[in-house]
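Spelled out, the chains give:
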Amino acid sequence: MYKEYLKIYITRLKNTFAYKILLNNYFLIVLYIIFLLSTITHPVTCIIFIIYNIFLYKKSKEIIKVSLLFSFIILIIFLFIKLTIPFNNENEKTELVATVYDIEKKDNYNKIIIFSKTKKYIVISKENPHLDIGYKIHVNGRFNEIDSNYNEGEFNYLEYLKNNKYSGYILSEKIEVLKKNFSIFRLKTYLDSYLNNFPVKTKKFISALLFASSSDLDEEFYASLKDNGIIHLFAVSGLHISLFLGMFEKIYKTIKVKKNLQTLINISFLVTYLIITDFTPSIMRVSVSYVIKLISEKYFKNYNLSSLDVQSLSFILLLIINPLYIYDLGFNLSYLAAFTIILSSGLVDKYNELIKTILFSVFSMIMTLPQVINMSYEINLLIPFTNLLFISLVSYVILPLTIVIFFFPFLSNIYIYIITSFQELSIFISKYLNVMINIPSMNTIVIILYYLIVFLVFRFIRLYKEKIVSKKTIIINFLVILLLLMFILTRNGYNFSDRIYFLYLENGEATVILSDDTVIVIDTGTGEKQEVSNFLKSKGIKRIDGLILTHNHNDHNGEAKELLNNFLVTKIILSSYDNSEYAYYDISQRVHRGSIVSIKDISFRIISPTKDCKDENDNSLVFILDVLGKKILFLGDLTKTGEKEILGSLEDVDIIKIGHHGSNTSTSQELLDKTKPETAVIMTGRVKQFGFPSEGTVDLLTSNNIKVYKTNTDYMITYKNGKFYTLN
């Protein structure tokens, strides 16, 4: 009976005006939802949203009604999630009963994902209790306070946790197993046990290529995948699913499997794959799109949905399921690539497969550029060609062979030579066959303008192809594109505004000064996570006019080599008593008390060191920079003993960068009496074992009515337009 009702309902639906007008227009609803969500998070996009509303209203009232309906549903669910899944970021004890959802074993600890009622938590355990997915456990521990990004442009782990619906990050003290329940998600454990039968290198490669588990890949190989723009091949995409389903199709034809059974097997496979890959957004996209296509082919034959409609509907449905997907990079990149290939197919149909592959890669690179840039701040211009090579290799050789090896492990000895060659090829190309360009991070306005330029260019190509473009249209399009490009270039990091950045590093300190198109970097920290390099890249900085290394300690020069390899460094300034490798570069200037240093239009005199001291901290370069209308005293790691040596050479300053991260070995009352600073900046580093800054140092500064900024509480500190700004 239900089939008859379903048939009647579908017939009525197909005959409605709304259904017919929505065909080939679902993509317009997608754009509406994107513009609306962008307006909520970035109000500056409101103008674009209003303009788009006017456009849709003129095009069709039905489309805007449906757009409003879907948007309202997504917004309600979005607000419900935000209000009902708060993140506990307080450092307090907790005790809860939960179910184990996933376990990731690290070298020194276990990372456990648990569900307690409807809330999801990360638990870090240094114990090694025998746990498995599905077990009911009792957890005693403490919520760990998670910081947001410490410096501009850094990955914000706190926001990542919130956007993935986590309710807290727990450091466990004791875990007790209450009940050994079974869970369908234990498929991941069984898979991991099976993969343990393979050699370690083979296991890592299979896990990455077939199951999107790339965290254990060799660092150099993983970096080469990113540089070559082929990391998506190890992210489990439509390519992988298409190959699997294509293999199934050949088997179906060989043994003559009925259509309904084929569908059942395919859906079962997709569900299993979703469980194993933790419902990765790219697999969700392919799976939901597959189901929508099946329904369309079975029930809407006369009004079949186009590929664009299928992808658009899957986008809408996934956002209804989880509106926070909009913050997921994998989700955005997956749909951008899919929409780009569909929308550009009309432009490349006349070309052969080789040219098509290159053009699709070019178009995808153009459309995903803002997301890629805001993640790494650089891009390889040869990506279309590396994609051509590696997509062919993976599609026709590596991926099919990996699937065969997965089912026939005894062939692993041959396979390891093939994947080793593949890895070496990727590393070689990333080192010697790339054209990397640095592009600063893009803010919301720049991203909108960028996509407007892309739209105008593609519109111009379409008009040109249809031979309906006039000279006037060419000139107008060219001028608009030129003006937008000029605006982007002048607003997006290429035209430096004067400012000073005191960075909050993992270990050590670094100061970046931008003044009248002059770039000065003072110290680099240890170089963990390449924090200084990434920060400079995020600002679009390609050259360093002066790299000042105050003394030869790793927490002050640890990232110097990275800067020298990736930026055009004009001059290195370091102490005459610094015997590090950087003292022997052709661009190095070794200085001591009385030396005059000139970096473009900025000149200053070195106050210290006066001699080679036993304590390397007292070999620190000490100098006063007169920039941005302020006199700033930089002390390196100078101790109180070293301070006594220079008191007679000091003068009044406005800002003092406190020595030795604010420890009690530095900063005397005599120093403050001599310099009379209004403001003090303490750069502590995030390593807590040193206990920086000393309470005594902070108390001394405040008792002298000096305004104190500390990176451990304020995070990155910025001075611009005569004021200090903090990130926290």
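Structural notes, computed from the coordinates. Please read all numbers here as calculations on a predicted model, not as lab measurements.

Scanning the protein from N- to C-terminus turns up 26 helices and 24 strands. Whereas a compact globule of 728 residues would reach a radius of gyration of roughly 27 Å, the protein reaches 30 Å, a difference of no more than 12%. Viewed in the frame of its principal axes, the protein has a C-alpha envelope of about 95 × 75 × 55 Å. The buried share of the protein, reckoned over its 728 residues, is 48%.

Formed by 75 residues in total, the largest nonpolar core has its most connected members in Ile29, Phe205, Ile206, Leu210, Phe234, Tyr273 and Leu319. Of all the elements, helix H3 (residues 26-41) adds the most residues to this core, at nine residues. When neighbours within four sequence positions are excluded, phenylalanine 205 is seen to be in contact with Leu217, Phe221, Phe234, Ile398, Thr402, Tyr415, Ile419, Phe422 and Gln423. Membership of the second largest hydrophobic core comes to 26 residues, among which are Ile500, Ile599, Leu621 and Val681.

With that out of the way, let us pick up the sheet that holds strand S22 (residues 707-710). Read from one edge to the other, the open sheet built from seven strands follows the order S16-S17-S18-S19-S20-S21-S22, with strand pairing classed as mixed. The open sheet terminates on both sides in strands that have one partner only, identified here as strand S16 (596-599) and S22. Strand-to-strand, the axes of this sheet are offset by a mean angle of 20°, without reference to chain direction.

Tallied over the entire structure, the rule returns 50 aromatic pairs. With 5.5 Å between their ring centres and 85° between their planes, tyrosine 101 and phenylalanine 115 make a pair best called edge-to-face. You can see tyrosine 101 sitting in strand S1 (residues 93-105) and its partner phenylalanine 115 sitting in strand S2 (residues 110-116), a full 14 residues away along the chain. Given the relative accessible area of 17%, tyrosine 101 is considered buried. Its relative accessible area of 30% is what places phenylalanine 115 among the partly exposed residues. Ring geometry for phenylalanine 248 versus phenylalanine 269: centroids 5.1 Å apart, planes at 85°, classification edge-to-face. Within this pair, whereas phenylalanine 248 is found in helix H10 (residues 238-255), its partner phenylalanine 269 is found in helix H11 (residues 259-276), the two being separated by 21 residues in sequence. Residue class for phenylalanine 269 comes out buried when judged on its relative accessible area of 16%. One aromatic cluster is present, formed by Tyr194, Phe198, Phe211, Phe244, Phe248, Tyr252, Phe269, Tyr273, Phe406 and Phe407 through successive ring pairs.

Along helix H25 (residues 695-703), the residues classified as buried are Thr697, Val698 and Leu701. Down the axis of H25, the buried side of the element spans an arc of 95°, and every buried residue falls inside it. In H25, those exposed residues whose orientation departs by more than 90 degrees from the buried face are Glu695 and Ser703. Considering only its buried residues, H25 is in contact with helix H24 (669-675), strand S21 (679-682) and S22.

Another aspect to go through is the pairing of S21. Residues in a regular strand point their side chains to alternate faces of the sheet. Burial along S21 is two-sided: the residues Thr679 and Val681 and Ala680 and Ile682 are all buried. Two elements, strand S20 (residues 655-657) and S21, share three bridges in a ladder whose sense is parallel. Bridge pairing in S21 places lysine 657 opposite valine 681. In the sheet, S21 pairs with S22 via four bridges, with the strands oriented parallel. Across the sheet, alanine 680 pairs through a bridge with valine 708, a residue of S22. One crossover worth recording links S21 to the parallel S22 by way of H25, and it is right-handed.

Turning to the packing of helix H13 (residues 307-321) against helix H14 (residues 329-348), a few remarks are in order. Two numbers describe how H13 lies on H14: the axes approach to 10 Å, and their chain directions differ by 165°. With respect to each other, H13 and H14 are oriented roughly antiparallel. Regarding H13 and H14, the two cross each other, and that crossing is left-handed. Only Phe331, Tyr335, Ala338, Phe339, Ile342 and Leu343 of H14 make contact with H13, whose side of the interface consists of Ser307, Leu308, Gln311, Ser312, Ser314, Phe315, Leu318 and Leu319.

What follows covers the sheet that holds strand S15 (residues 588-591). Two orientations exist for strands paired in a sheet by backbone hydrogen bonds: parallel and antiparallel. As summarised here, the arrangement of the eight strands in space is S15-S14-S12-S10-S9-S8-S23-S24, forming an open sheet in which the pairing is mixed. The open sheet has two free edges, formed respectively by S15 and strand S24 (723-726), since each of these has just one partner strand. Sheet twist, expressed as the average angle between the axes of neighbouring strands with direction ignored, equals 15°.

Moving on, we come to the side chain of serine 608. Residue placement: serine 608 occurs in strand S17 (residues 602-608). Setting aside residues no more than four positions away along its own chain, serine 608 makes contact with Arg593, Asp618, Ser620, Leu621, Val622 and Ile646.

Let us now look at the pairing of strand S8 (residues 499-502). Residues of S8 alternate between two faces, with Arg499 and Tyr501 on one and Ile500 and Phe502 on the opposite face, all of them buried. Across four bridges, S8 lies against strand S9 (residues 511-515) in antiparallel orientation. Paired with arginine 499 across the strands is leucine 514, a residue of S9. Alignment of S8 against strand S23 (residues 717-720), held across three bridges, turns out to be antiparallel. Residue pairing for S23: isoleucine 500 is matched across the bridge by tyrosine 719.

This paragraph deals with a nonpolar patch on the surface. Judged by side-chain polarity, Ile267, Val271, Val291, Ile295 and Tyr299 come together as a nonpolar surface patch covering roughly 350 Å² of accessible area. For the nonpolar patch, the elements supplying multiple residues, two or more each, are H11 and helix H12 (281-299). At three residues, H12 tops the list of elements feeding residues into the nonpolar patch. Its place among the elements puts tyrosine 299 in helix H12. With relative accessibility at 31%, the residue tyrosine 299 sits in the partly exposed group.

What counts, and where the lines are drawn
- Residues numbered from 1 in each chain as written.
- Predicted model: local features only at pLDDT ≥ 70, side-chain atom pairs only at ≥ 80, totals over all residues.
- Heavy atoms only, no water.
- Helix = DSSP H or I, 4+ residues; strand = E, 2+ residues; numbered from the N terminus.
- Rg over C-alpha atoms; globule rule 2.2 N^0.38 Å.
- Buried < 20%, exposed > 50% of the residue type's maximum accessible area, 1.4 Å probe, protein only.
- Core = buried A, V, L, I, M, F, W, Y, C linked by side-chain atoms within 4.5 Å.
- Contact = heavy atoms within 4.5 Å.
- Pairing = 2+ DSSP bridges.
- Axes fitted to C-alpha atoms, helices over the stretch in contact; angles between N-to-C directions.
- Phe/Tyr/Trp six-rings, centres within 6.5 Å; stacked < 30°, edge-to-face > 60°.
- Arc of directions from axis to C-beta.
- Right-handed = clockwise from strand over helix to strand, strands pointing away.
- Parallel < 35°, antiparallel > 145°, perpendicular 65-115°, else oblique.
- Left-handed = near helix turned anticlockwise from the far one by under 90°.
- Patch = residues over 30% accessible without salt bridge, like charges linked within 9 Å, V, L, I, M, F, W, Y side chains within 5 Å.
- Areas by Shrake-Rupley, 256 points an atom, 1.4 Å probe, with all protein chains shown as cover.
- Salt bridge = Lys/Arg side-chain N within 4 Å of Asp/Glu carboxyl O.

Take it as geometry only, folks, not as evidence of what the structure does.
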